[in-house]
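Descriptive structure summary
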Amino acid sequence: MIMFSNGLRVFKGLLLILFSVGGFIGGLFTLSSMAQTTSLGGAPPVTVIYTSITGDPSSEVPGLPGVQFGPGSAAFDRVFGSPNGNWVLTADTNLPTTEDEILLVNGVVRVREGVTTTWNMSEHYGLLDTKLGINDSGEFVFATNTDGPTTGDEYILFGDAVTITVVAQEGVSTTLPALPTTTWGITLDTAVIANDGTVGFSADLVDGLPTTEDDLLILGTNVLAQEGVTIPPGQIGTEFWENFDTDDYFISADGSSWIVLGDLTGDTNTDDVVAVNGTVVVQEGVILPGSGFSEPVDLNGIVGVSMAPNGNWFVRGNNDLTEQDWVYSNGAVLAASGSPIYVGATENFTDTEFADTFFLHVGNSLGDYVIGGVSDGPTPANGVLVLNNTMVIARENDPIDLDDNGIFDDDVYFNTFGNDDGYLTDAGIFYVVATMRNITGTVIGQGFFSIDLSGVIGPTPTPTFTPTGPTPTHTFTPTPTDTPTPTNTFTPTPTDTPTPTDTPTPTNTFTPTPTDTPTATPTDTATATPTATATATATATPTITGTPLPKDFYVFLPYVTRND
């Protein structure tokens, strides 16, 4: 796989066919225990919500007969959710370009580009911002630019079960107690909402302020930070805020915590920072606090941020010199290039084929989290989603049961997972947007999916990151804080590591004892007696007949393109 600077990843690999625990009976591959929700190799079940596959029932837009999602592989934007499982996202349809974008809340179209607004019958919704917010009551927020007068066409909007109302409008008084004579300017974006309905957003070019002080970060009627006025503590200097990055502002469910990525005034080698509750926690040109790294964060090395509903925060980025990539949360490194993709795994994260290594980090209110990254596994399937540093919940090239008939007979596979395109609920449902391909490697569309993790979420190991030198080959020492129970412990099987030319050995399988607290060090080797043997078969010229493939059929494809 080759990584280009624009995010395009090109895979090159052999076609490999793996058979796991299924049997061969009467010309059909069958699972040893088949159920409609059975999934590949014991992985959590995947449900197709919508796709942009032209003509497929999954591409039909709810409530708009004859309208379909897409076409193409960029139909769905990033999904946002609430702790109890409400979700919201924007999507494109095959309607005319002046009315093809829609906003979906729990499967209901609530807003459509080109449609008359609810507060002004002479205006129509314009393009919808990707960054949205939704709370446990189903109230949601978004930004749009209407076709109204250019001096007043920028909006932050609030929606509930009945209607949509204006929170902020360009050219209208801000009503901010701290800035009573100001009006909203031409840039309103990055909307967030708390469970009590409090709305926040970023506002730039606010009228009535000096141009060096007119960028604001808002929550309710409070100014959390102001360009040229606020000096965030925790930085290496005493610089003011200069701006706030679009789409990189998040709050906790109760609104008591917040995170933002932005820039300070002053030296451009150290101006990029992440602040949590107003205090800088990551700064460009500075070593990550508590990480043990010997190198500082690289120039423009902060890639993205997020915040879980309970206030847990996540940052991903890379270091100077060696360009080592990392995911950093609450002051500790959760994952890094060169480290195992989960505790006990022989597959490691790497930036060899994707410069940033990591593309996703999200968490729920209970402390569970999912990290998306690229591994050193076989190139057609090295994009992985990892839960709680314990297991892979999905990877590129996993087959998809498009028609939900319990068999992988649709010639549809995960292609790539989008950057930050995921959300994890407290009940353990993980929503994700990904592109899809067929067995020839042709991208056939994009989809919106859910993965049920309710049976595997639970107490999580807390890895301790241990650097080994100026150019480290970093490893993690897991130090679990809880004693896992049998229902929350994942036992990898030989089919979890897609190495088609080898038979997994006992040293690659870790079976924890439910009544003990697992303790591992980087030099420890877990020993177990394997209970299953995987048989790998490679074929250079695969063919598909009319025989459906069961959900234990795993295909790696050649010459596949990823566009993040």
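Everything below is about the structure printed above this text.
Residues numbered from 1 in each chain as written. Predicted model: local features only at pLDDT ≥ 70, side-chain atom pairs only at ≥ 80, totals over all residues. Heavy atoms only, no water.

**Observations concerning the overall build of the protein chain**
Quick note on the threshold: A run of DSSP states H or I qualifies as a helix once it reaches four residues; a run of E qualifies as a strand once it reaches two. Both are numbered from the N-terminal end. For the exposure calls, accessible area comes from a 1.4 Å probe over protein chains only, and a residue counts as buried if that area is under 20% of its type's maximum, exposed if over 50%, partly exposed in between. Residues are treated as being in contact if the distance between any of their heavy atoms lies within 4.5 Å. All accessible-area figures derive from a Shrake-Rupley calculation using a 1.4 Å probe, and residue coverage is judged against the displayed protein chains alone.
Helix and strand counts for the protein chain stand at 0 helices and 38 strands. The proportion of buried residues among the 564 residues of the protein chain is 52%. Taking all contacts inside the protein chain whose residues are at least 6 apart in sequence as the whole, residues at least 24 apart take part in 51%. Of the accessible surface of the protein chain, which amounts to about 22,100 Å², a share of 54% is contributed by carbon and sulfur atoms.

**Structural notes on the pairing of strand β31 (residues 413–424)**
The side chains of a regular strand alternate between the sheet's two faces. The line we're drawing: Strand pairing follows a simple DSSP-based rule, namely that at least 2 bridges must link the two strands.
Counting buried positions along β31 gives 11 out of 12 residues, so the element sits mostly inside the fold. One ladder, built from 6 bridges, connects β31 with strand β32 (residues 429–437); its direction is antiparallel. Bridging across to β32, L424 finds its partner in F430. Linkage of β31 to β32, two consecutive antiparallel strands, is achieved through a turn of 4 residues, within which G428 is found at a positive phi near 90°.

**Quick notes on the packing of aromatic side chains**
Put simply, the test is: Stacked, tilted and edge-to-face are the three classes assigned to paired rings of Phe, Tyr and Trp, where Trp is represented by its six-membered ring and a pair needs centres within 6.5 Å; plane angles under 30 degrees give stacked, over 60 edge-to-face, the rest tilted. Here, over-ring charges are defined by two tests on the NZ atom of lysine or the CZ atom of arginine: distance to the ring centre within 6 Å, and angle to the ring normal within 35 degrees.
Throughout the structure, instances matching the rule amount to 18 aromatic pairs. Arranged with centres 4.9 Å apart and planes meeting at 50°, the rings of F69 and F76 form a pair that is tilted. With respect to burial, F69 and F76 carry one shared label: buried. Taken together through their ring pairs, the aromatic side chains of W119, Y125, F140, F142 and Y155 make up a single cluster. Just above the ring of F250 sits the side chain of K131; from NZ or CZ to the centre is 4.6 Å.

**What to know about unusual backbone geometry**
Residue G70 is joined to P71 through a cis peptide bond whose omega torsion reads 0°. Position of P71 among the secondary structure elements: in the loop between β6 (46–51) and β7 (80–81). Residues other than glycine seldom take positive phi values, yet T175 does so here, at roughly 55°. Tracing the sequence through the fold places T175 in the loop between β14 (164–169) and β15 (187–193). Residue classification places T175 among the exposed positions, given a relative accessible area of 57%.

**So, the nonpolar core**
Put simply, the rule reads: Working definition of a nonpolar core: buried Ala, Val, Leu, Ile, Met, Phe, Trp, Tyr and Cys residues. They are joined through side-chain atoms within 4.5 Å.
Counting 33 residues, the largest nonpolar core has L103, F142, I259, V274, V282, V315 and W326 as the members making the most contacts within it. Per element, the largest residue contribution to this core is 4 residues, and it comes from strand β23 (residues 297–307). The contact partners of V315, leaving out residues within four places of it in the chain, are I259, V274, V282, I302, G304, V305, W326, V327, Y328 and H361.

**A word on the sheet that holds strand β20 (residues 258–264)**
Counted only if it meets this: Each axis is a line fitted through C-alpha atoms, and for a helix only the stretch in contact is used; angles between axes span 0 to 180 degrees, taken between their N-to-C directions.
Spatial strand order, β19-β20-β21-β22: 4 strands in an open sheet with antiparallel pairing. At either end of the open sheet lies a strand with only one pairing partner, and these are β19 (241–251) and β22 (279–283). Direction aside, neighbouring strands of the sheet carry axes that sit 30° apart on average. With 4 bridges connecting them, strand β21 (residues 272–276) and β22 associate as antiparallel partners.

**Brief notes about the pattern of salt bridges**
Worth spelling out the cut-off: The term salt bridge refers to a pairing of a side-chain nitrogen on Lys or Arg with a carboxyl oxygen on Asp or Glu at a separation within 4 Å.
Tallying each qualifying case throughout the model produces 3 salt bridges. Here R112 and E99 are joined by a salt bridge, their closest N and O atoms 2.9 Å apart. With R112 in strand β10 (residues 108–112) and E99 in the loop between β8 (87–92) and β9 (101–105), this residue pair connects regions lying 13 residues apart in the sequence. Accessibility expressed as a relative area gives 24% for E99, which makes it partly exposed. The partner of R395 in a salt bridge is E347, and the shortest N-O contact between them spans 3.1 Å. Here R395, found in strand β30 (residues 391–395), pairs with E347, found in the loop between β26 (332–336) and β27 (358–363); they are 48 residues apart in sequence, far enough to count as distant.

**What about the sheet that holds strand β16 (residues 199–204)?**
Spatially, β15-β16-β17-β18 is the arrangement adopted by the 4 strands of the open sheet, whose pairing is antiparallel. Looking at strand neighbours, the two that pair on one side only are β15 and β18 (222–226), the edges of this open sheet. Between one strand axis and the next, the sheet turns through 20° on average, direction left out of account. In the sheet, strand β17 (residues 216–219) pairs with β18 via 4 bridges, with the strands oriented antiparallel. Opposite L217, over in β18, you have A225 as the bridge partner.

**Looking at the environment of Q169**
Stated precisely, the cut-off is as follows: Polar contacts, as used here, are pairs of N or O atoms within 3.5 Å; protein pairs need one atom able to donate a hydrogen and one able to accept it. Residues neighboring in sequence count only if both atoms are side-chain atoms.
Locating Q169 in the fold gives a position in strand β14. Each residue touching Q169, except ones within four places of it in the same chain, is listed here: G152, E154, Y155, W184 and L188. Side-chain polar atoms of Q169 contact the backbone oxygen of G152, separated by 2.9 Å.

**A word on the side chain of D272**
Relative to the elements of secondary structure, D272 occurs in strand β21. The contacts of D272, once residues within four sequence positions are left out, are L261, G262, D263, V282, Q283, E284, N300 and I302.

**Re the environment of D214**
Looking at the secondary structure, you find D214 in the loop between β16 and β17. In the structure, D214 is positioned 13 residues away from E227 in sequence and 6.4 Å away in space, judged by C-alpha atoms. Dropping the residues within four chain positions of it, D214 is found in contact with A203, D204, L205, V206, L209 and E227.

**Digging into the environment of V374**
Along the chain, V374 falls in strand β28 (residues 369–374). The spatial distance from the C-alpha of V374 to the C-alpha of N348 is 8.5 Å, given a sequence separation of 26 residues.

**Brief notes about the pairing of β23**
Where burial is concerned, most of β23 is hidden: 8 out of the 11 residues are buried. Two strands pair when backbone bridges link them, and β23 and strand β24 (residues 313–319) are joined in this way by 6 bridges, in the antiparallel orientation. The partner of S306 across the bridge, within β24, is F314.

Just distances and angles here, no functional claims.
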